[in-house]
Amino acid sequence: MKKKELHIDKNKVVITIRDLHKSFASNHVLRGIDLDIYQGENVVVLGRSGTGKSVLIKIIAGLLKSDKGTVNVLGRNVAAIRSRELEQLRLKIGFSFQSSALYDSMTVRENLEFPLLRNSKHLTVAEVTHAVETALDAVGLSQTINQWPAELSGGQRKRIGIARTLIMQPAIMLYDEPTAGLDPVTSMEIIDLINEVQERFNTSSIIITHDLTCAKLTGERMAVLLDGRFVQVGTFETIFKNGDEQVKSFYEYNFIT
Amino acid sequence: MQMKVKQKQPRKYVISKKLDDFFFDVYAFVQFIGRFFKELILPPYEFKEVIRQCYMVGVKSLPLITLTGFITGIVFTKQSRPSLSEFGATSWLPSLVAIAIIRALAPLVTGLITAGKVGSNIGAELGSMKVTEQIDAMEVSATNPFKFLVTTRVLATTYMVPLLMLYMALVAMLGAYVNVHSNEETSFASFIENGFHNISFLDLFSSVIKSIVFGFTIGIVACYQGYTTTQGTQGVGRAANTSVVTSMFLIFIEEIIIVQITNWFRVF
């Protein structure tokens, strides 16, 4: 499905990253990252495995601490706020994990109810049920409501994972390798879902991937991460027409012409 | 421009790699215990989850505890009879069995059984949650995973192991009675009267304290192993295994210490 032209408010920055550094022992993963994400925009972070793409969004969600630099999400410095404030901020961030990260000991319904029941205690049973059904409907998997995560396919798990984040109506979505390990047809379904989420909920998203089809079809802008830095930031066409040799080799490897 | 290649320095260890790792692990474990008490005191409190975990730890262990307790009672009585009958003292059997069960066997066997069943379960469950990013998912959905997963499980084992111990003592005494009754035709009232004649408050109290310590140990060790799991599925297996081995080792150490302290009290 072709992506619709959406209005992106370039006056409203939802995520600001400045001079971000992160190391694990002697491995310097991020070496000075700068990026702005605007309201309603999908930005794809491209890069080879192990270049720190997932580390970047984990720092944005406050799951990892940076060594240097700042990350402002909706005007709040993630590293500087208290844990209670961080919890409140996280309610506005949806995180779709590479492994889906569905709770194995809970059914699909319970997985979706979990964030809602814990963070919106005033809701009635009917309201919770309605929210769960709406979120499942949004990802087209209403029939799986009473199934266990182990009974679902890889693509269904990804979609339920996205539904679980949508239930809190986040302003920002972080997708970690949304199409990894999926067949082309299921990958297209996930790509359509990412675009649908952006259109319906006006979310701003960061999509981590090394799948160029996903990158081309979901992102307004791409940022290519190489050796811990963004070597190119721009639209798909500008990056791969004028890109340097390393970027071009990445393109050729994906066999897209 | 020629890039300067930094020579990788060999890592220096304070003692040796293994010993350094061991002390770092002990330090991390102490920090983990400290965090448990901090999270225990600070709101919000996870009452519902504690009750659910008590059910998982307590009620689900009942069949195994019943079977083990009953067999322990029968076997211990059978093994003790020949020695006592040599001195014509089989009438002391209920008393001997009661002292052995309440002072030592019930707390120790309950602790070891729970370490095997519940400890491995918690270690594997939290370990697999960790490697499949479920703990991270909990954190990004604005839930404190340490409080929800660790605090509740440690509380559940701490509450339930003493109760399971008392239950096991009861079942073991029943097993002992079955054996005594079939050989000496002792009445139940007489068995209970003789059995509990020499049991003091200190015996029962020290066993309950022991079980509380064992329960806490099982919970905190298993949660630590599971919560800090690395290296994928291999790490999950290691977490489950280390939970059981470490808990059992610590239970024996604690048993020695508590028996020693109880004996000091007994002198006064």
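Residues numbered from 1 in each chain as written. Chains lettered and ligands numbered in written order. Predicted model: local features only at pLDDT ≥ 70, side-chain atom pairs only at ≥ 80, totals over all residues.

Asks: Would you mind showing me how to read the overall build of chain B here?
Replies: In terms of helices and strands, chain B carries nine helices and zero strands. Over its C-alpha atoms chain B spans a radius of gyration of 23 Å, topping by over 25% the 18 Å that the globule rule assigns to 268 residues. The principal-axis extents of the C-alpha atoms in chain B amount to approximately 95 × 45 × 35 Å. By residue count, 41% of the 268 residues in chain B fall in the buried class. (Helix = DSSP H or I, 4+ residues; strand = E, 2+ residues; numbered from the N terminus. Rg over C-alpha atoms; globule rule 2.2 N^0.38 Å. Buried ≥ 20, exposed ≤ 12 C-beta atoms within 10 Å, placed from the backbone.)

Asks: What should I look at first to understand the overall build of chain A in this one?
Replies: Scanning chain A for helices and strands turns up nine helices and 10 strands. For chain A, with 257 residues in total, the buried portion stands at 43%. When contacts within chain A are restricted to residue pairs at least 6 apart in sequence, long-range pairs at least 24 apart make up 67% of them. (Contact = placed C-beta atoms within 7 Å.)

Asks: Hey, could you run me through the interface of chain A and chain B in this one?
Replies: Interface extent is often summarised as the accessible area lost during association of the parts. Contacts between the two partners involve 15 residues from chain A, matched on the other side by 10 residues from chain B. Elements with a minimum of two residues in the side of chain A that touches chain B: helix 2 (83–90), strand 6 (93–96) and helix 3 (108–119) of chain A. At four residues, helix 3 of chain A tops the list of elements feeding residues into the side of chain A that touches chain B.

Asks: Even after reading the chapter, I still don't get the pairing of strand 4 (residues 68–73) of chain A, so can you show me in this structure?
Replies: Regular strands place their side chains on alternate faces of the sheet. All names here are of chain A. Bridge analysis of strand 1 (residues 9–24) against strand 4 gives five bridges, and the strand direction is antiparallel. Bridge pairing in strand 4 places threonine 16 opposite asparagine 72. In this structure, strand 4 lies alongside strand 5 (residues 76–77), joined through two bridges in antiparallel fashion. When the sheet's bridge partners are listed, valine 73 is paired in strand 5 with arginine 76. Counting the residues that bridge the hairpin from strand 4 to strand 5 gives two residues, and of these leucine 74 lies at a positive phi of roughly 50°. (Pairing = 2+ DSSP bridges.)

Asks: I would appreciate a short explanation of the nonpolar core in the present structure.
Replies: The tendency in soluble globular proteins is for nonpolar side chains to be buried side by side. By size, the foremost hydrophobic cluster in this structure holds 119 residues, and its most contacted members are A:Ile60 and A:Leu174. Among the elements that make up this core, the one with the highest residue count is helix 6 (residues 145–184) of chain B (18 residues). In this structure, A:Ile60 is in contact with A:Ile15, A:Val71, A:Val73, A:Val78 and A:Leu174, ignoring residues within four places of it in sequence. (Core = buried A, V, L, I, M, F, W, Y, C linked by C-beta atoms within 7 Å.)

Asks: Please clarify how the sheet that holds strand 1 of chain A should be interpreted in this entry.
Replies: Strand pairing in a sheet relies on backbone hydrogen bonds. The paired strands run either parallel or antiparallel. All names here are of chain A. The four strands are arranged 2-1-4-5 in an open sheet whose pairing can be described as antiparallel. The sheet terminates laterally at strand 2 (27–39) and strand 5, the two strands that pair on one side only. The pairing of strand 1 with strand 2 spans 10 bridges and is classified as antiparallel. Counterpart to lysine 22 in the pairing with strand 2 is leucine 30.

Asks: Just checking my understanding: could you explain the packing of helix 6 of chain B against helix 8 (residues 201–227) of chain B for this structure?
Replies: For any two helices packed against each other, one specifies the inter-axial angle together with the distance between the axes. Residues and elements named next belong to chain B. Remark: helix 6 packs on helix 8, axes separated minimally by 7 Å, with the N-to-C direction vectors making an angle of 150°. In terms of axis orientation, helix 6 runs roughly antiparallel to helix 8. Note on packing geometry: the crossing formed by helix 6 with helix 8 is right-handed. For the pair helix 6 and helix 8, contact is made by Val150, Arg153, Val154, Ala156, Thr157, Thr158, Met160, Val161, Pro162 and Met165 and by Ser207, Val208, Ser211, Ile212, Phe214, Gly215, Phe216, Ile218, Gly219, Ile220, Cys223 and Tyr227, respectively. (Axes fitted to C-alpha atoms, helices over the stretch in contact; angles between N-to-C directions. Parallel < 35°, antiparallel > 145°, perpendicular 65-115°, else oblique. Left-handed = near helix turned anticlockwise from the far one by under 90°.)

Asks: Would you take a moment to explain the sheet that holds strand 6 of chain A for this structure?
Replies: Residues and elements named next belong to chain A. Within the open sheet, the six strands sit side by side as 6-7-8-3-9-10. Their pairing is mixed. One side of each edge strand has no neighbouring strand; the edge strands of this open sheet are strand 6 and strand 10 (229–234). Adjacent strand axes in the sheet meet at a mean angle of 15°, parallel and antiparallel pairs treated alike. Here five bridges tie strand 9 (residues 221–226) to strand 10, and the two strands are oriented antiparallel to one another. Within strand 10, the residue paired with methionine 222 across the bridge is glycine 234. Packed on one face of the sheet, helix 6 (residues 184–201) meets strand 3 (42–46), strand 7 (172–176) and strand 8 (204–209) and runs near 165° to strand 8.

Asks: I would appreciate a short explanation of helix 4 (residues 93–131) of chain B in the present structure.
Replies: Helical geometry note: an α-helix holds 3.6 residues per turn, so side chains three or four residues apart project in the same direction. Residues and elements named next belong to chain B. Remark: the principal bend of helix 4, roughly 50°, maps to isoleucine 101. In terms of residue burial, helix 4 counts as a mostly covered element, since 30 of its 39 residues are buried. Where helix 4 terminates, the next one or two residues include glutamate 133, which has phi positive at roughly 65°. (Bend = angle between axes of the 7 residues up to and from the residue.)

Asks: Got a minute to help me understand unusual backbone geometry in this structure?
Replies: Among all residues except glycine, the phi angle is most often negative; among peptide bonds, the trans geometry is most common. Between B:Pro43 and B:Pro44 the backbone carries a cis peptide bond, its omega angle lying at 0°. Among the secondary structure elements, B:Pro44 is positioned in the loop between helix 1 (17–41) and helix 2 (47–57). Even without being glycine, A:Glu177 reaches a positive phi, approximately 45°.

Asks: In this structure, what is going on with the packing of helix 3 of chain A against helix 5 (residues 154–166) of chain A? I would like to understand it.
Replies: All names here are of chain A. Helix 5 packs onto helix 3 with a crossing angle of 30° between their chain directions and a minimal axis gap of 8 Å. Accordingly, the angle class assigned to the pair helix 3 and helix 5 is roughly parallel. The two elements helix 3 and helix 5 cross, and the hand of that crossing is right-handed. Contact with helix 3, carried on its side by Val108, Asn111, Leu112 and Pro115, involves Ile160, Ala163 and Arg164 of helix 5 and no other residues of that element. The class makeup of the residues in the contact of helix 3 with helix 5 is five nonpolar, one polar and one charged. (Nonpolar A, V, L, I, M, F, W, Y, C, P; charged D, E, K, R; others polar.)

Asks: Even after reading the chapter, I still don't get the environment of B:Val180, so can you show me in this structure?
Replies: Residue and element names in this part refer to chain B. Assignment of secondary structure puts valine 180 in helix 6. Its 27 C-beta neighbours within 10 Å are what place valine 180 among the buried residues. Beyond its immediate chain neighbours, meaning those up to four positions away, valine 180 contacts Thr77, Leu93, Pro94, Thr186 and Phe191.

Asks: Please clarify how the confidence of the model for chain B should be interpreted in this entry.
Replies: Parts of the model with low pLDDT should not have their predicted coordinates read in detail. Residues and elements named next belong to chain B. On average, chain B scores 93 in pLDDT, and the residues at 70 or more come to 96%. The element-level mean pLDDT for chain B is lowest in helix 7 (residues 188–197), coming to 91, with helix 8 highest at 97. This prediction of the complex comes with two scores: 0.88 for pTM and 0.89 for ipTM. (pLDDT = per-residue confidence, 0-100.)

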